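Overview (structure and organization)
Take a look at the letters that make up each chain.
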Amino acid sequence: MLSNFKVVLVETSHPGNIGAVARAMKNMGMDQLRLVSPKLFPHADATARASGADDVLRAARVHDSLQQAIADCQVVLGSSARDRTISWPSVTARECAEKWGGGAAKENIALVFGRENSGLKNHELDLCHYLLRIPCNPDYSSLNLAAAVQVVSYELFVASGREYASSIGDRGEEPLATAEQMEAFYTHLHETMADIGFLHPERSRSIMRRLRRVFNRTQLDTKELDILRGILRFSQNHNLK
Ligand code: SAH
């Protein structure tokens, strides 16, 4: 968990956005949510939009002021879609992740997000060490609040180096086929194509070369190879009937 990062939402109007922020945070392994004077909270819309992240919502701390919400933080970043007339030192979401992500920072780091309609006020940015920017279309630069939290927390997640291999499917569990197993497969494939009358002896070399190219483009694992050989055996048996 990126527990030293505290997501602070200032005077959020729509409780649905608070729920969507909780969800975005949990997706990226964050759980520290602080709310400064939210208009409506707790609220059914927040819980609904949080989906399975209602634990993050339940644990959210509510504060009366931004000062209170960031009191225990050593680094404070105020995120803003707008360029300001006064120039604060600024970092992009990626630079923020490179600088303080990756488990390097021991400090508590506040990521402060503003109101949906008016963002953060200048006196609130005065409490921040850096302006945090998500680079985007300059003609349309204001992201939805939860989308902004999503982008920043995604960058922190990637920088944290936590295991993010896909858990979809079982790819990776079976050992890859060896060269010997692949050769046995090509022999079997060749035999089967001859048995079923598909291969013309004169063209068999170029067809086999092309087929090797197809299979060499993908690295088959032993289970996938078993399936293909099962299909070949089935075609041979079927052909004999
Ligand atoms: N209309 C507001 C923006 C509201 S979006 C304004 O003019 O400032 C709500 C919050 O999402 C912003 O206060 C900011 O914290 C964050 N946000 C939205 N787009 C962003 C961007 N491109 N970069 C950094 N933060 C952004």
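All residue numbers here refer to positions counted from 1 along the written sequence of the relevant chain. For a predicted model such as this one, the threshold for reporting local features is a pLDDT of at least 70, and the threshold for listing and counting side-chain atom pairs is 80 or more; totals across whole chains, interfaces and linings nevertheless cover every residue. The basis for every side-chain value is the complete set of heavy atoms in the structure, and neither hydrogens nor water enter the calculation.

Considering the pairing of strand β4 (residues 75-79)
Working definition: with a 1.4 Å probe on protein chains only, accessible area under 20% of the residue-type maximum means buried, over 50% means exposed, and in between means partly exposed. Put simply, DSSP marks the helices as runs of H or I at least four residues long and the strands as runs of E at least two long, and each gets a number from the N terminus on. The element β4 is largely enclosed, with a buried count of five among its five residues. The alternating pattern of β4 places V75, L77 and S79 on one face and V76 and G78 on the opposite face, and all of these are buried. When β4 meets strand β7 (residues 130-133), the two strands line up parallel, connected through three bridges. Opposite G78, over in β7, you have L131 as the bridge partner. The pairing criterion is simple: DSSP has to find at least two bridges between the two strands.

Describing helix α7 (residues 145-160)
Here a helix's expected span is defined as the number of its residues, less one, multiplied by 1.5 Å. End to end, α7 covers 23 Å across 16 residues, agreeing with the expected 22 Å (1.5 Å per residue, within 8%). Looking only at α7, the buried set comprises L145, A146, A148, V149, V152, S153, E155, L156 and F157. A 3.5 Å cut-off defines polar contacts: any pair of N or O atoms within that distance qualifies, except that in protein one atom must be a possible hydrogen donor and the other a possible acceptor, and neighbouring residues in sequence count only when both atoms are side-chain atoms. The N-cap residue of α7 is N144: its side-chain oxygen and the backbone nitrogen of A146 are 2.9 Å apart. The first or second residue beyond α7 is G161, which carries a positive phi of 70 degrees.

Here we look at the domain arrangement of the protein
A common way to express how large an interface is: the accessible area buried when the components associate. Annotation of the protein at the domain level lists domain 1 (5-159) and domain 2 (179-240). What fixes the domain bounds is an automatic or database domain assignment. Measuring from the centre of the C-alpha atoms in domain 1 to the corresponding centre in domain 2 gives 56 Å.

Considerations on the sheet that holds β7
The parallel open sheet is built from seven strands, whose spatial order is β3-β2-β1-β6-β4-β7-β5. Edge positions in the sheet fall to β3 (61-63) and β5 (90-92), since each of these pairs with one other strand and no more. Strand-to-strand, the axes of this sheet are offset by a mean angle of 30 degrees, without reference to chain direction. Pairing geometry for strand β2 (residues 33-36) and β3, over three bridges, is parallel. Bridge assignment links L35 to a residue of β3, and that residue is V62. The axes are straight lines fitted to the C-alpha atoms, using for helices just the contacting stretch, and the angles between their N-to-C directions are given from 0 to 180°.

Topic: the nonpolar core
For our purposes a nonpolar core is just a set of buried Ala, Val, Leu, Ile, Met, Phe, Trp, Tyr and Cys residues, chained together by side-chain atoms within 4.5 Å. One finds V7, L9, L33 and L111 to be the most contacted residues of the largest nonpolar core, which totals 37 residues. A contact between two residues is defined here by any heavy atoms of the two lying within 4.5 Å. Excluding its chain neighbours within four sequence positions, the residues that come into contact with V7 are V21, M25, M30, Q32, L33, R34, L111, F113 and V149. The next biggest cluster of nonpolar side chains, apart from the first, holds 15 residues, and it includes V36, I70, V112 and L131.

Some thoughts on the side chain of S153
Its location among the elements puts S153 in helix α7. On the basis of relative accessibility, which here comes to 1%, the residue S153 falls in the buried class. Once residues within four sequence positions are removed from consideration, S153 is found in contact with A24, M28 and M30.

A word on the site of the ligand
Near residues are defined by distance, with any heavy atom within 4 Å of the molecule or strand qualifying the residue. Taken together, 20 residues lie around the ligand, and S79, R82, I134, S141 and L143 are the ones closest in. Within the contact set of the ligand, an oxygen atom lies 2.6 Å away from a side-chain nitrogen or oxygen of S79. I134 is positioned with one of its backbone polar atoms (N or O) 2.9 Å from a nitrogen atom of the ligand. Note on areas: Shrake-Rupley with a 1.4 Å probe; residue coverage comes only from the protein chains shown. If the ligand stood free it would expose 540 Å²; the protein chains cover 93% of that surface. For the shell around the ligand, the secondary-structure elements that each account for two or more residues are β7 and α7. The residue classification treats Ala, Val, Leu, Ile, Met, Phe, Trp, Tyr, Cys and Pro as nonpolar and Asp, Glu, Lys and Arg as charged. All others, Gly included, are polar. Looking at the shell around the ligand, its residues break down into eight nonpolar, eight polar and four charged.

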